[in-house]
Amino acid sequence: MCMKVSTHHSDGSEHSHAHVHEGEHAHEHGHEHGHEHHHHHEHAVGGDLDYGTGPARAHVPGMSQARMVQIEQDILSKNNAYAAANRQWFDERGIFALNLVSSPGSGKTTLLCKTIELLKGSVAINVVEGDQQTANDAERIRATGVPALQINTGKGCHLDGHMVGHAMQRLQPKDESLFLIENVGNLVCPAAFDLGEHHKVAILSVTEGEDKPLKYPDMFAAADVMLLNKCDLLPYLEFDADLAEANARRVNPNLTIFRVSATSGDGMSAWLDWIQSGLEALRGKRSESVDALKRRVAELERQLAVK
């Protein structure tokens, strides 16, 4: 049942509504006056959106999860072959390779320059710099006196094994040296791409949030080391370093963490000691491999002599 009610205004206009009763849903408005009526409707959010729950853990409009998984597997399998070749090349020469990853602005390049300045007197160092554009960071590294090669990725958001392989050929690092790769500033894409490094080193600065490892878990899960950088600023910030470390270890309980400051030098000695240990371990492994190869050659020569 519908009943029409008219309301007369003092300005002479008439405002009529059709009111619905007994379960009917028609709702008619008749407006003959000059002013507007605004109706505000509030809708509940009804839960957040999560596009990372499917098999591909990502979303591309118009593409199935199965197709995305297949494409990713194809790309990563090719990259992994390049990375494996890079790692074998490093191992055979006793070269210790590190892949430094972080958000833009974490102080990665400054930390790298400080590391180079403190180590270059004791070990040969080569550096690969990854950025979408410019050679600014490579120029900063070259100013320290060590060779550096810039890789510009264009629209690409990470380095890959093929790019680094070409950089190795150009740089020709010395045996038993240190090879440092500064990846594109990005905590997402570089996590999935092996470059042939021995360790990923994630850098988190105290000017970022303590929950960064929880927001970008893939990167911190893939890393072996986390450098909590810019610790000289802690007295001036509301940043809980213990909480940041705890969050990182929630993602990766085996993570080695160093608190450092490239500006003041605090904590750098522990970081440098870790690098030296890695260099020595790789040199020892290489020496054992060479000795084993010599023994094998000697054994083959004896067998040939008997025949």
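Residues numbered from 1 in each chain as written. Predicted model: local features only at pLDDT ≥ 70, side-chain atom pairs only at ≥ 80, totals over all residues. Heavy atoms only, no water.

### Description of the pairing of strand β5 (residues 125-131)
Where we set the bar: Only protein chains enter the calculation, and the probe is 1.4 Å; a residue is then buried if its accessible area is under 20% of its type maximum, exposed if over 50%, and partly exposed in between. Helix numbers and strand numbers start at the N terminus; a helix is a DSSP run of H or I with at least 4 residues, a strand a run of E with at least 2. Paired strands, in this sense, are two strands between which DSSP finds at least two bridges.
When you tally the buried positions in β5, you get seven out of seven residues, the bulk of the element. Residues of β5 alternate between two faces, with Ile125, Val127, Glu129 and Asp131 on one and Asn126, Val128 and Gly130 on the opposite face, all of them buried. Taken together, the five bridges between β5 and strand β7 (residues 178-182) define a ladder with parallel strand orientation. Looking at β7, one finds that valine 127 is bridged to leucine 180.

### Looking at the pattern of salt bridges
A side chain of one charge can pair with a side chain of the opposite charge if their charged atoms are brought near each other. What counts here: Salt-bridge detection follows one rule: a side-chain nitrogen of Lys or Arg within 4 Å of a carboxyl oxygen of Asp or Glu.
Overall, the coordinates contain 13 salt bridges when judged by the stated rule. We note a salt bridge from arginine 57 to aspartate 218, for which the minimum N-O separation is 3.1 Å. Taken together, the residues span a long stretch of sequence, with arginine 57 in the loop between β3 (28-31) and α1 (65-93) and aspartate 218 in helix α6 (residues 217-222) at a distance of 161 residues. Note that arginine 87 is salt-bridged to aspartate 194, the shortest N-O span being 2.7 Å. A residue pair is termed long-range when its members are at least 10 positions apart, and arginine 87 in helix α1 and aspartate 194 in the loop between β7 and β8 (199-205) qualify at 107 residues. What you see here is one network of salt bridges that share partners, running through Asp175, Glu176, Arg283 and Arg286.

### Some thoughts on the side chain of histidine 158
Going by this rule: The contact definition used throughout considers only heavy atoms, calling two residues in contact when any of these lie within 4.5 Å.
Of note, histidine 158 is situated in the loop between β6 (148-152) and α4 (161-171). With residues up to four places along the chain from it excluded, the contact list for histidine 158 reads Thr153, Met163, Asn183, Val184, Cys189, Pro190 and Phe193.

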